[in-house]
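Here is what each chain is made of, one letter per residue.
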2 protein chains.
Amino acid sequence: MTARPLEFHPVSGLPEIRAGDDLAALVAEAVRTSALDLADAVVVVCQKVVSKAEGRSVRLADVEPSSEALRIAHEDDKDARQVELVLRESRRVVRHSRGILICETHHGFVCANAGVDLSNTAGPDEAVLLPLDPDASAARLRAGLREQLGLEVAVVVSDTFGRPWREGLVDVALGSAGISPLDDQRGRRDRQGRELVVTNMATVDQLAAAAGLLMDKGSGVPVVVVRGWSPAGDGRVRDLVRHPDEDLFR
Amino acid sequence: MTARPLEFHPVSGLPEIRAGDDLAALVAEAVRTSALDLADAVVVVCQKVVSKAEGRSVRLADVEPSSEALRIAHEDDKDARQVELVLRESRRVVRHSRGILICETHHGFVCANAGVDLSNTAGPDEAVLLPLDPDASAARLRAGLREQLGLEVAVVVSDTFGRPWREGLVDVALGSAGISPLDDQRGRRDRQGRELVVTNMATVDQLAAAAGLLMDKGSGVPVVVVRGWSPAGDGRVRDLVRHPDEDLFR
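Predicted model only: the values in this text are computed from it and were never measured.

Draft legend 1. The arrangement of the overall build of chain A in detail. Summing up its helical and strand segments, chain A has six helices and 12 strands in all. In chain A, which comprises 250 residues, the share counted as buried stands at 51%. Across chain A, the fraction of contacts at a sequence separation of at least 24, relative to all contacts at a separation of at least 6, is 60%.

Written out as structure tokens, the structure is:
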């Protein structure tokens, strides 16, 4: 017996995004071409195109590395200008070794290189940084899509992160709008009537993870439309970042 | 423009699973009823039903707590018999506080209560443990489904874990068969021809995460069939557990 499936539709056909582009208009155009029904849809947009549209690109030639950046770059055999950008984007360096810097960004995300990315950028000399406020980016995209398409969708801005203990990367949500990042099942009961104590699902991360399967870096799919998941509530991914004092996994 | 969507079909209608049940036959029966095309499918099965079929249930009344279990139970206001089971399932306790024990299981998974679960069990006195070897469980299910259905599917055994730094739980893979846990994009090139250095996606975790959206603990959906993802390669989730020396996130 099956109920309605959950569908993830890859959306391609967006042009190379440049600073100042109206990303909502471009996404709306690509989605319109796809003839997808967007009622109750969640639109997952990869961070890279959001950052590019928001002008979060930096030419390495314009970056003056600090002495700390030079030191780390020397130890890890990295480009000191890239390290400088990583340090500027970081609240703290968690660890660095063998060319990999694990950082806590100013948003509170823990990821490699503080999200500073040199792949799929406009040129060999260009780095793309994370959006300054990915929840605000999601909210702007949502408002733009409402204006362009005349309907409400939820928006998730996603990126690809590593994690402790397990090899491999997974996609997670950096920002959200029109959907609650957590589906709080606490207080509900299991099928035997016992209270579900700690079941508090990170819905936006689960949606981002599946969308990421279609956003293979070589595929040119920066947008995925999720159908069959009725987004409930509203909230910010920022509130999903756990306070260090609450974190028993540290 | 869109390509083929990725579809996650919830499969319900399984009976309450008991020790010794032929889970592959029951899943095959439920899937047959759904009339889903299973060519190239990935079948995600939640750990709970796998463990129950494998007899990994324990009656709390039969558990004699050790002095360490009594001490932790006293400090954290927990059932000492449950703590005893958690300790038996653990290689080490990462931290414990406020009723939550974060443990590294004998498999190398880091999760709350070493996966010992008291919800959706057969009775209030019953705890369900993780499968002893979830990769082997997945391989057996795969062989059973091949026999029952006459075709090859990939199988992922999933569970719901917390994680550091972020609130909320996500589903991850505990075991796999007929699919490579990692989609190694290293060595491939981005759209500008630059080598993708660290893009090594944990495909099975991304699939488990999305399947988890449909496996809400109250929903009675223990199986999700993924269509539109062609499983490639083969491998074990065990190999996805990162060696501590390689883990810059620790």
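Draft legend 2. Fine view of the pairing of strand 12 (residues 223–227) of chain B. Residue and element names in this part refer to chain B. With respect to burial, strand 12 is a largely interior element, four of its five residues being buried. Across four bridges, strand 2 (residues 42–46) lies against strand 12 in antiparallel orientation. What sits directly across from Val 42, in strand 12, is Val 226.

Draft legend 3. A look at the environment of Ala 30 of chain B. Inspection of the secondary structure assignment puts Ala 30 of chain B in helix 1 (residues 23–34). Between the C-alpha atoms of Ala 30 of chain B and Val 42 of chain B, which are 12 residues apart in sequence, the distance is 15 Å.

Draft legend 4. Representation of the packing of helix 3 (residues 67–76) of chain A against helix 4 (residues 80–88) of chain A. All names here are of chain A. Packing of helix 3 against helix 4 leaves a shortest axis separation of 8 Å and a crossing angle of 120°. By the angle between their axes, helix 3 is oblique relative to helix 4. Seen from above, helix 3 lies across helix 4 with right-handed handedness. Contacts between helix 3 and helix 4 involve Glu 68, Ala 69, Leu 70, Ile 72 and Ala 73 on the former and, on the latter, Ala 80, Val 83, Glu 84 and Leu 87. Tallied by class, residues from the contact of helix 3 with helix 4 come to seven nonpolar, no polar and two charged.

Draft legend 5. Helix 6 (residues 203–214) of chain B, seen in detail. Taken across its 12 residues, helix 6 of chain B has 12 buried, putting it largely inside the fold. Burial in helix 6 of chain B covers these residues: Thr 203, Val 204, Asp 205, Gln 206, Leu 207, Ala 208, Ala 209, Ala 210, Ala 211, Gly 212, Leu 213 and Leu 214 of chain B.

Draft legend 6. Up close: the nonpolar core. Among the nonpolar cores identified, the biggest contains 153 residues, and Val 156 of chain A together with Val 156 of chain B are the most heavily contacted of them. Each residue touching Val 156 of chain B, except ones within four places of it in the same chain, is listed here: Val 42, Val 44, Ala 138, Ala 173, Ser 176, Ile 179, Val 204, Leu 207 and Ala 208 of chain B.

Draft legend 7. Seen up close, the sheet that holds strand 6 (residues 110–112) of chain B. Residue and element names in this part refer to chain B. The antiparallel open sheet is built from three strands, whose spatial order is 4-5-6. The sheet terminates laterally at strand 4 (90–97) and strand 6, the two strands that pair on one side only. For this sheet, the mean inter-axis angle between neighbouring strands, taken without regard to orientation, is 25°. Two elements, strand 5 (residues 100–105) and strand 6, share three bridges in a ladder whose sense is antiparallel. The residue bridging Ile 102 from the neighbouring strand is Ala 112, located in strand 6.

Draft legend 8. Summary view of the domain arrangement of chain A. Residues and elements named next belong to chain A. Taken domain by domain, chain A comprises domain 1 (7–56 + 131–239) and domain 2 (69–127). On a C-alpha basis, the centres of domain 1 and domain 2 stand 25 Å from each other. Counting residues at the interface gives eight residues for domain 1 and nine residues for domain 2. Taken together, the residues of the side of domain 1 that touches domain 2 break down into two nonpolar, one polar and five charged.

Draft legend 9. Representation of the sheet that holds strand 5 (residues 100–105) of chain A. All names here are of chain A. Strand order in the open sheet made by the three strands is 4-5-6, with antiparallel pairing throughout. Bordering the open sheet on either side are strand 4 (90–97) and strand 6 (110–112), each of which pairs with just one other strand. Put simply, the sheet's adjacent strands are angled 25° from each other on average, direction ignored. Taken together, the six bridges between strand 4 and strand 5 define a ladder with antiparallel strand orientation. Across the sheet, residue Ser 90 finds its bridge partner in strand 5, namely Thr 105.

Draft legend 10. Quick look at unusual backbone geometry. In this model, Ala 35 of chain A sits at a positive phi of 60°, which is unusual for a non-glycine residue. Looking at the element boundaries, Ala 35 of chain A is found in the loop between helix 1 (23–34) and strand 2 (42–46). For Ala 35 of chain A, a count of 7 C-beta atoms within 10 Å puts it in the exposed group. With a phi close to 55°, Asp 77 of chain B is a non-glycine residue in the positive phi region. As for its placement among the helices and strands, Asp 77 of chain B is situated in the loop between helix 3 (67–76) and helix 4 (80–88). What makes Asp 77 of chain B exposed here is the crowd of 8 C-beta atoms within 10 Å.

Draft legend 11. The arrangement of the environment of Ser 12 of chain B in detail. Residues and elements named next belong to chain B. Within the secondary structure, Ser 12 sits in the loop between strand 1 (6–11) and helix 1. Given 16 C-beta atoms within 10 Å, Ser 12 falls into the partly exposed group. A C-alpha to C-alpha distance of 9.7 Å links Ser 12 and Met 215, two positions 203 residues apart in sequence.

Draft legend 12. View of the packing of helix 6 (residues 203–214) of chain A against helix 6 of chain B. Here helix 6 of chain A crosses helix 6 of chain B at 130°, and the two axes come no closer than 8 Å. Judged by the angle between their axes, helix 6 of chain A and helix 6 of chain B are oblique. In this structure, the crossing between helix 6 of chain A and helix 6 of chain B has a hand that is left-handed. Taking contact as the criterion, the partners of Thr 203, Asp 205, Gln 206, Ala 209, Ala 210, Gly 212 and Leu 213 of chain A in helix 6 of chain A are, on helix 6 of chain B, Thr 203, Asp 205, Gln 206, Ala 209, Ala 210, Gly 212 and Leu 213 of chain B. Residue classes in the contact of helix 6 of chain A with helix 6 of chain B are distributed as six nonpolar, six polar and two charged.

Draft legend 13. Focus on helix 4 of chain A. Residue and element names in this part refer to chain A. Among the nine residues of helix 4, seven are classified as buried, and the element is accordingly described as predominantly covered. Turning to helix 4, its buried residues are Ala 80, Arg 81, Gln 82, Val 83, Glu 84, Leu 85 and Val 86. Buried-residue contacts for helix 4 involve strand 3 (57–59), helix 3, strand 4, strand 5 and strand 7 (126–128).

Draft legend 14. Quick look at the pairing of strand 5 of chain B. The antiparallel pairing of strand 4 of chain B with strand 5 of chain B creates a hairpin that spans two residues between the two strands, and Arg 98 of chain B there sits at a positive phi of about 45°. In sequence, strand 5 of chain B turns back onto strand 6 of chain B through a hairpin of four residues, with Gly 108 of chain B there showing a positive phi of about 100°.

Draft legend 15. Looking closely at the environment of Gly 20 of chain A. Relative to the assigned elements, Gly 20 of chain A resides in the loop between strand 1 (6–11) and helix 1. Distance from Gly 20 of chain A to Glu 54 of chain A, taken between C-alpha atoms, is 6.2 Å for residues 34 residues apart in sequence.

Parameters at a glance
Residues numbered from 1 in each chain as written. Chains lettered and ligands numbered in written order. Predicted model: local features only at pLDDT ≥ 70, side-chain atom pairs only at ≥ 80, totals over all residues. Helix = DSSP H or I, 4+ residues; strand = E, 2+ residues; numbered from the N terminus. Buried ≥ 20, exposed ≤ 12 C-beta atoms within 10 Å, placed from the backbone. Contact = placed C-beta atoms within 7 Å. Pairing = 2+ DSSP bridges. Axes fitted to C-alpha atoms, helices over the stretch in contact; angles between N-to-C directions. Parallel < 35°, antiparallel > 145°, perpendicular 65-115°, else oblique. Left-handed = near helix turned anticlockwise from the far one by under 90°. Nonpolar A, V, L, I, M, F, W, Y, C, P; charged D, E, K, R; others polar. Core = buried A, V, L, I, M, F, W, Y, C linked by C-beta atoms within 7 Å. Domains from an automatic or database assignment.

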